[in-house]
Amino acid sequence: MNKVETMDCTWQGFITCAESFGQSAFHVAAGPRLAHPAPAGALACHCIELSLKAVLLSRSATPDDLRRYGRNLTRLFNETGLDWGHIDTEAVDFYHDTLIEHGLRSKASNRSSLLDPDDLLPIMESVFQRCLEEVAPGAKRTLRPSG
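As a starting point, this report considers the structure included with it. (Residues numbered from 1 in each chain as written. Predicted model: local features only at pLDDT ≥ 70, side-chain atom pairs only at ≥ 80, totals over all residues. Heavy atoms only, no water.)

**A few points about the overall build of the chain**
Within the chain, the secondary structure is distributed over seven helices and zero strands. Scanning the chain from its N terminus toward the C terminus, one meets helices and strands in the order α-α-α-α-α-α-α. The buried share of the chain, reckoned over its 147 residues, is 41%. A fraction of 63% describes how many contacts in the chain between residues 6 or more apart in sequence connect residues 24 or more apart. A total accessible area of about 7800 Å² is found for the chain, and carbon and sulfur atoms account for 51% of it. (Helix = DSSP H or I, 4+ residues; strand = E, 2+ residues; numbered from the N terminus. Buried < 20%, exposed > 50% of the residue type's maximum accessible area, 1.4 Å probe, protein only. Contact = heavy atoms within 4.5 Å. Areas by Shrake-Rupley, 256 points an atom, 1.4 Å probe, with all protein chains shown as cover.)

**Some remarks on the environment of Phe 21**
Along the chain, the position of Phe 21 falls in helix H2 (residues 11-30). Taking C-alpha positions, Phe 21 is 9.0 Å from Ile 48, a pair spaced 27 residues apart along the chain. Those residues in contact with Phe 21 that lie beyond four places of it in its chain are Leu 43, His 46, Cys 47 and Leu 50.

**Structural notes on the nonpolar core**
Membership of the largest hydrophobic core comes to 39 residues, with the highest contact counts inside it found for Ile 48, Leu 52, Phe 77, Trp 84, Val 92, Met 124 and Val 127. If you list the elements that add at least two residues to this core, you get H2, helix H3 (38-58), helix H4 (63-69), helix H5 (73-80), helix H6 (89-100) and helix H7 (117-135). Discounting chain neighbours no more than four positions away, the residues touching Trp 84 are Leu 52, Phe 77, Thr 89, Val 127, Arg 130 and Cys 131. (Core = buried A, V, L, I, M, F, W, Y, C linked by side-chain atoms within 4.5 Å.)

**Remarks on the layout of surface pockets**
Estimates place the volume of the second largest pocket at around 160 Å³. For the lining of the second largest pocket, the class distribution of residues is seven nonpolar, two polar and one charged. (1 Å grid on protein atoms, 1.4 Å probe; cavity = no way out; pocket = protein on both sides within 12 Å on 5 of 7 lines; lining within 4 Å. Points joined across faces, edges and corners; volume = space filled by probe spheres on them. Nonpolar A, V, L, I, M, F, W, Y, C, P; charged D, E, K, R; others polar.)

**Observations regarding the pattern of salt bridges**
For side chains bearing opposite charge, pairing can occur when the charged atoms are close. Tallied over the full model, the rule gives nine salt bridges. A salt bridge links Glu 19 to Arg 141; the nearest nitrogen and oxygen atoms lie 3.2 Å apart. With Glu 19 in helix H2 and Arg 141 in the segment after H7, the pair connects residues that are 122 residues apart, well separated along the chain. For Glu 134, the salt bridge identified is with Arg 59, shortest N-O distance 2.9 Å. A residue pair is termed long-range when its members are at least 10 positions apart, and Glu 134 in helix H7 and Arg 59 in the loop between H3 and H4 qualify at 75 residues. Residues joined by salt bridges that share partners form a network here, namely Glu 49, Lys 53 and Arg 71. (Salt bridge = Lys/Arg side-chain N within 4 Å of Asp/Glu carboxyl O.)

**Regarding H3**
Compared with an ideal rise of 1.5 Å per residue, which puts 21 residues at 30 Å, H3 spans 30 Å between its outermost C-alpha atoms and is within 8% of the ideal. The buried fraction of H3 amounts to 17 of the 21 residues, a majority that puts the element mostly inside the structure. One or two residues past the end of H3 sits Ser 60, with phi positive at roughly 80°. (Expected span 1.5 Å × (residues − 1).)

Have a look at this one:
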């Protein structure tokens, strides 16, 4: 069974799953020091991906459409048609690319990355909140741990 088909393939299912990945990213980043910050970055990128896909599903995208978009965050940002001027989408692309390549360098860049969650988590939260507002206007959720 395809990964997309095993999820609740609705915008509600995707935004809920995105919320869980986002909360997990904050928990991992705040937890015990890890040898490498990639796990928090991977969770953050997945939250972003699922949030963007929730918007597309709310606009009648199908599971086949989602498969065609794959994990291409640049394409997903563009396909939403939302204004992402306040988001450093190049930084998101860089982080995502380094995670996919399982390296510390982007194939599109010679710069190295420490995948610093302090840079990526605020971007993730902003993307999630913008997507949540798009699919469920007035909904209030937070990714940051309380307390």
